[in-house]
Amino acid sequence: MLEVGEKYRHLTVLGDADNGGTLCRCDCGAVRSYSDKHIKSGRSTYCKACRYKHQSEEDCIRIAQKISDTHKKNHKNRGEGNPSAKLTTELAVRLKKQLETMTAKEVYRRYRRDVSYETIYKIAIGDTWRHV
Ligand SMILES: [Zn+2]
């Protein structure tokens, strides 16, 4: 038997229920009976409607977190796997200028530490960094 007026998470004990459980009022105002065991163990922390609401909120947060993690992971992989991802606008502009007077191979020899040949070639043919 639980103390009247006692609060368990979101449930306030109102008294004994007819069915042997305990009548509780949820923070939202919904009154119904709960099993003492569930109240004490923390399994019943609010009414069904609130639990549903809170659960879907938690689900939303979890899903959002998952998307953000996946995004971060993909972003990281992209950066590691593709040297062109590290190419800055400044460097791209410089490469583009060099490509006006030199071949892609010559430019690559000069900048091979900073950028892949593929990237230079792509800039040369206008496949990437066309906007700079
Ligand atoms: Zn409620």
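Residues numbered from 1 in each chain as written. Predicted model: local features only at pLDDT ≥ 70, side-chain atom pairs only at ≥ 80, totals over all residues.

With that settled, consider the overall build of the protein. A tally of helices and strands in the protein yields five helices and four strands. The order of α-helices and β-strands along the protein, N terminus first, is β-β-β-β-α-α-α-α-α. In terms of overall size, the protein is more extended than a compact globule, its C-alpha atoms giving a radius of gyration of 32 Å where 132 residues would be expected to give roughly 14 Å. Seen through its C-alpha atoms, the protein measures out along the principal axes to roughly 90 × 25 × 20 Å. (Helix = DSSP H or I, 4+ residues; strand = E, 2+ residues; numbered from the N terminus. Rg over C-alpha atoms; globule rule 2.2 N^0.38 Å.)

The next subject is the domain arrangement of the protein. Segmentation of the protein into domains returns domain 1 (7–46) and domain 2 (83–124). Relative placement of domain 1 and domain 2: their C-alpha centres are 69 Å apart. (Domains from an automatic or database assignment.)

Below, the discussion takes up the packing of helix α4 (residues 104–111) against helix α5 (residues 117–124). Orientation of α4 relative to α5, taken along the N-to-C sense of each, is 140°, at an axis distance of 9 Å. Considering their axes alone, α4 and α5 lie oblique with respect to each other. Of the two elements, α4 crosses α5, and the hand of that crossing is right-handed. Residues Ala 104, Val 107, Tyr 108 and Tyr 111 of α4 lie in contact with α5, whose contacting residues are Tyr 117, Ile 120, Tyr 121 and Ala 124. By residue class, the composition of the contact of α4 with α5 is eight nonpolar, no polar and no charged. (Axes fitted to C-alpha atoms, helices over the stretch in contact; angles between N-to-C directions. Parallel < 35°, antiparallel > 145°, perpendicular 65-115°, else oblique. Left-handed = near helix turned anticlockwise from the far one by under 90°. Contact = placed C-beta atoms within 7 Å. Nonpolar A, V, L, I, M, F, W, Y, C, P; charged D, E, K, R; others polar.)

With that settled, consider the pairing of strand β3 (residues 22–26). A one-sided burial pattern is seen for β3, the buried positions being Thr 22, Cys 24 and Cys 26 and the unburied ones Leu 23 and Arg 25. The pairing of strand β2 (residues 11–16) with β3 spans five bridges and is antiparallel. Across the sheet, Gly 15 pairs through a bridge with Leu 23, a residue of β3. Sheet topology note: the β3/strand β4 (residues 31–34) ladder contains four bridges and is antiparallel. Residue pairing across strands places Leu 23 opposite Ser 33, the latter belonging to β4. Hairpin connection, β3 to β4: the antiparallel pair is bridged by four residues, and Gly 29 has positive phi, about 105°. (Buried ≥ 20, exposed ≤ 12 C-beta atoms within 10 Å, placed from the backbone. Pairing = 2+ DSSP bridges.)

For Arg 9, which is not a glycine, the phi torsion comes out positive at approximately 55°. With respect to the helices, strands and loops of the structure, Arg 9 is situated in the loop between β1 (7–8) and β2.

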